[in-house]
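Chain residues, written in single-letter form:
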Amino acid sequence: MKKTILSLYLVLAVLAGTWAQQSHLIGITDTHAKGVSSVPRTYVDAVFKGGNIPVVIPLIEDEALLEKLISTLDAVILPGGEDVNPARYDEKPSPHLGEVNEKRDDFEFMIIQLCVNHNIPIVGICRGMQVINVYFGGTLFQDLPTDYIDKSIIHRQSESREVGTHTISVEPGSYLHKVTDSETLLVNSFHHQGVKKIAPGFIVTARAADGVVEAFESIDRPIIGVQFHPEALMINNDSTMINIFRYMPVRIR
Ligand code: MN
């Protein structure tokens, strides 16, 4: 029997997004950088271009109030940003660890918990994917250039954000494969960390040629992650990446 990766729940959540006529409310979590509540404009544009309604979720420390807001949403995007504090996966900080943002780690852990409780799909992008991996018990390479043996691919490109610089191989049958209809994608790359041990309950759905994990999905929850930045690849109206936002998994109501 042909192995199919896409979980039943994820199939239903994606179909809900595809079939429903109305636009969905898609939360994007506050990056909480330098005393400002904000998200990069590219995420807002990508959700909007995908036919949905972007909603910025400001960092709120009161869980009950945050739950009230989260429970109105159809899906949540965790965007890119700083490194996750390695203490969260029981590692000491490497000298090559980048900036961390403790408040944001706390906030996004709370968001993930609330989304799980309410069956709200999550799409993690770059740091967002890494936070999801750590939350569910996985670990990260703290710095690929020093911790990862294969140095053949530069994952921190100097080219601008809308330019793809390395390819990834996409697992047939995965969410990413279904929505992009591609087994090879050219992606941008702005990460110096990566998934080391994948969290239990998740499967790798795309890798770069050096083996670095570039996408994953949960086997039993509507949760997906990508290590690249589809929202930035859409700056010039990329016709493939838009499908990640057009066919986002959304809550089944
Ligand atoms: Mn990469």
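Quick note: structure is the one above.
I will try to describe carefully the structure that is included in this document.

Criteria and thresholds
Residues numbered from 1 in each chain as written. Predicted model: local features only at pLDDT ≥ 70, side-chain atom pairs only at ≥ 80, totals over all residues. Heavy atoms only, no water. Helix = DSSP H or I, 4+ residues; strand = E, 2+ residues; numbered from the N terminus. Rg over C-alpha atoms; globule rule 2.2 N^0.38 Å. Buried < 20%, exposed > 50% of the residue type's maximum accessible area, 1.4 Å probe, protein only. Contact = heavy atoms within 4.5 Å. Areas by Shrake-Rupley, 256 points an atom, 1.4 Å probe, with all protein chains shown as cover. Lys, Arg positive; Asp, Glu negative; His and termini not counted. Charge placed at Lys NZ, Arg CZ, Asp CG, Glu CD. Donors = N, O, S within 2.8 Å, 3.2 Å for Na, K, Ca; no water. Core = buried A, V, L, I, M, F, W, Y, C linked by side-chain atoms within 4.5 Å. Arc of directions from axis to C-beta. Polar contact = N/O pair within 3.5 Å; in protein donor to acceptor, adjacent residues only side chain to side chain. Disulfide = S-S within 2.5 Å. Pairing = 2+ DSSP bridges. Axes fitted to C-alpha atoms, helices over the stretch in contact; angles between N-to-C directions. Salt bridge = Lys/Arg side-chain N within 4 Å of Asp/Glu carboxyl O.

**Focus: the overall build of the protein**
Secondary structure assignment for the protein yields nine helices and 11 strands. Taken over the C-alpha trace, the protein has a radius of gyration of 17 Å; the compact-globule value for 253 residues is 18 Å, and the two agree within 12%. The proportion of buried residues among the 253 residues of the protein is 54%. The long-range share in the protein, meaning contacts at least 24 apart out of those at least 6 apart in sequence, stands at 71%. Carbon and sulfur atoms make up 55% of the accessible area of the protein, which totals about 11,200 Å². With 22 positive and 30 negative side-chain charges, the protein shows a spacing of 3 Å between the two charge centroids.

**Side note on the coordination of the manganese ion**
Taken together, the protein ligands of the manganese ion are H155 (ND1), H166 (NE2), S189 (OG), H191 (NE2) and E214 (OE), with distances of 2.2 to 2.3 Å. The motif formed by the donor residues of the manganese ion, counted along the single chain, is H-x10-H-x22-S-x1-H-x22-E. In this pair, H155 sits in the loop between helix 6 (144–147) and strand 6 (166–170) while E214 sits in strand 10 (residues 213–218), placing the two residues 59 residues apart along the sequence. On the basis of relative accessible area, H155 is assigned to the buried category, the value being 7%.

**Quick look at the nonpolar core**
I77, L176, F228 and F245 are the most contacted members of the largest nonpolar core, which totals 36 residues. Here this core takes four residues from helix 2 (residues 41–49), the largest share from any one element. Those residues in contact with I77, other than ones at most four positions away along the chain, are I26, G27, I28, T29, Y43, V47, V123, I125, F245 and M248. By size, the runner-up hydrophobic cluster in this structure holds 31 residues, among which are V76, L78, F107 and V116.

**A few points about helix 2**
Buried within helix 2 we find Y43, V44, A46 and V47. Seen end-on, helix 2 carries its buried residues on one side only, within an arc spanning 165°. The outward face of helix 2, more than 90 degrees from its buried face, is lined by the exposed residues R41 and F48. Tucked into the core, helix 2 has its buried residues touching strand 1 (25–29), strand 2 (53–57), strand 3 (75–78), strand 4 (122–125), helix 8 (230–233) and helix 9 (242–246).

**Notes on the side chain of Q157**
Looking at where Q157 falls in the secondary structure, it is placed in the loop between helix 6 and strand 6. When its relative accessible area of 8% is taken as the criterion, Q157 is described as buried. One polar contact links the side chain of Q157 to the main-chain carbonyl oxygen of V163, over a distance of 2.9 Å.

**With respect to the state of the cysteines**
Following the criterion strictly, the structure yields zero disulfides and no others. Summary of cysteine pairing: C115 is not part of a disulfide, and the nearest cysteine sulfur, belonging to C126, is at 19 Å. The class of C115 is buried, set by a relative accessible area of 1%.

**Description of the sheet that holds strand 7 (residues 184–187)**
Across the sheet, which stays open at both edges, the nine strands sit in the order 2-1-3-4-11-10-9-6-7 with mixed pairing between neighbours. The open sheet is flanked by strand 2 and strand 7, the only strands paired with a single partner. Each strand of the sheet is rotated relative to its neighbour by a mean of 25°, with strand direction disregarded. Two strands pair when backbone bridges link them, and strand 1 and strand 2 are joined in this way by five bridges, in the parallel orientation. Residue pairing across strands places I28 opposite V56, the latter belonging to strand 2.

**A short note on the pattern of salt bridges**
Between side chains of opposite charge, a pair can form when the charged atoms approach closely. Under the definition given, this model contains 11 salt bridges. A salt bridge links E108 to R104, with the shortest nitrogen-to-oxygen separation between them at 3.0 Å. One end of the pair, E108, and the other, R104, are both in helix 4 (residues 102–118), four residues apart, so they sit about a helical turn from each other. Assessed through its relative accessible area of 1%, R104 is described here as buried. With a shortest N-O distance of 2.8 Å, E108 and R127 are connected by a salt bridge. Here the residue E108 occupies a position in helix 4, and R127 occupies one in helix 5 (residues 127–135), the gap between them amounting to 19 residues. A single burial state applies to E108 and to R127, both of which are buried. One salt-bridge network, in which partners are shared between bridges, spans E82, R88, E102, R104, D105, D106, E108 and R127.

The values reported here are purely geometric and, on their own, carry no functional implication.
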